[in-house]
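# Secondary and tertiary structure notes
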Amino acid sequence: MPQILDGLRKNEFTFFLQPRYDLNTRRVVGAEALVRWNHPVLGVISPAVFIPVLENNGYITKLDQYIWEEVCKTIRVWIDAGVRPVPIAVNVTKTDILAIDVAEFFSEMLKKYRIPPKYLNIDIAKSAYLETHGALSDMEAQLQQMGFRVILDGFDGDYVELSALGGFGTDLLKLDLRSAALQNKTDVLPGIFAQARTLRLNLLAEGIESTEQLNVLRKAGCTEGQGYLFSRPLSVDEFVRILKVGHSG
């Protein structure tokens, strides 16, 4: 734990970007910011090592706020350099929602870095909907009024659960193909997307790892997705290079 806190103080944490693609054209249409620890001796450390520790000790929100601001800074740098940004999704946890005024924080970031809200998506885990529904509902409405797109992360196709969560108010649902309900079950995907169209809900897919999944998703009408079939998470410099080209190599 002391090493992690020392890393926080020394700004050793950074973020990588998982590109999101148009499934038909393979053009980059967005990305998700994923935190990494750039340790001076051990190199890049996976969040699986340090996130649980920070969550247990209440420091996760400090790290999240740092990463959110770094993302906003990066978007400003792109704009100033003439690079056309794509929306970047940042992750918000249940701890963040309970600990701080998330909407106020992002409002301040928009003013400080002079970035349009269309370039920042707010990605909220399903667990946050489960455990903070009252507080989250108000926060979600405030963010949407400011022009942010709010995404429910971790959706597994269960629309009954979605209704209980109150998740119908989100702008986008991120269908997690790695979830227990969907793993190796590509045959259920057409029905999930058909139901989404009936309910006028927008879905994107994450965890796309095979050509079979991609083909089924396309036929089902899915237009956006991310996963290792397209790209691993990239450093900001690597992401800018493919952003300029517009598609995967």
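Above this note sits the structure.
Residues numbered from 1 in each chain as written. Predicted model: local features only at pLDDT ≥ 70, side-chain atom pairs only at ≥ 80, totals over all residues. Heavy atoms only, no water.

## Considering the packing of aromatic side chains
When we look at a pair of aromatic rings, we describe it by the centre distance and by the angle of the planes. Inspection of the entire model under this criterion finds ten aromatic pairs. Site record: aromatic cluster; members linked through ring pairs are Trp68, Phe105, Phe106 and Phe148. Taking the ring centre of Phe16 as reference, the NZ or CZ of Arg36 above it sits at 5.8 Å. (Phe/Tyr/Trp six-rings, centres within 6.5 Å; stacked < 30°, edge-to-face > 60°. Lys NZ or Arg CZ within 6 Å of the ring centre and 35° of its normal.)

## Let's talk about the packing of helix H9 (residues 189-198) against helix H10 (residues 211-220)
Interaxial distance between H9 and H10 falls to 9 Å at its minimum, and their mutual angle equals 30°. On the basis of their axis angle, the class for H9 and H10 is roughly parallel. Considering how the two elements wind past one another, H9 and H10 form a crossing that is right-handed. Residue-level inspection shows Leu189, Pro190, Phe193 and Arg197 of H9 in contact with H10, the latter providing Val216, Leu217 and Ala220. (Axes fitted to C-alpha atoms, helices over the stretch in contact; angles between N-to-C directions. Helix = DSSP H or I, 4+ residues; strand = E, 2+ residues; numbered from the N terminus. Parallel < 35°, antiparallel > 145°, perpendicular 65-115°, else oblique. Left-handed = near helix turned anticlockwise from the far one by under 90°. Contact = heavy atoms within 4.5 Å.)

## Here we look at the side chain of Ser231
On the secondary structure map, Ser231 appears in the loop between strand E9 (224-226) and helix H11 (236-245). Leaving out residues up to four positions away in the same chain, Ser231 has contacts with Gln18, Pro19 and Tyr21.

## Remarks on the environment of Asp64
Along the chain, the position of Asp64 falls in helix H3 (residues 60-81). Placed 74 residues apart in sequence, Asp64 and Asp138 show a C-alpha to C-alpha distance of 20 Å. Once you skip the residues sitting within four places of it in the chain, Asp64 turns out to touch Asn91, Thr93 and Asp96.

## Some remarks on H11
Regarding H11, the residues found buried are Val236, Phe239, Val240, Ile242 and Leu243. Residues of H11 that are buried in the fold lie against strand E1 (13-22), strand E2 (28-39), H3 and strand E4 (88-92). (Buried < 20%, exposed > 50% of the residue type's maximum accessible area, 1.4 Å probe, protein only.)

## Some words on the nonpolar core
Core analysis: the biggest nonpolar cluster contains 79 residues, and Phe50, Leu63, Ile88, Phe106, Ile124, Leu203 and Phe239 have the highest contact counts within it. Once you skip the residues sitting within four places of it in the chain, Phe239 turns out to touch Leu17, Pro19, Val28, Gly30, Ala31, Trp78, Val86, Ile88 and Leu234. (Core = buried A, V, L, I, M, F, W, Y, C linked by side-chain atoms within 4.5 Å.)

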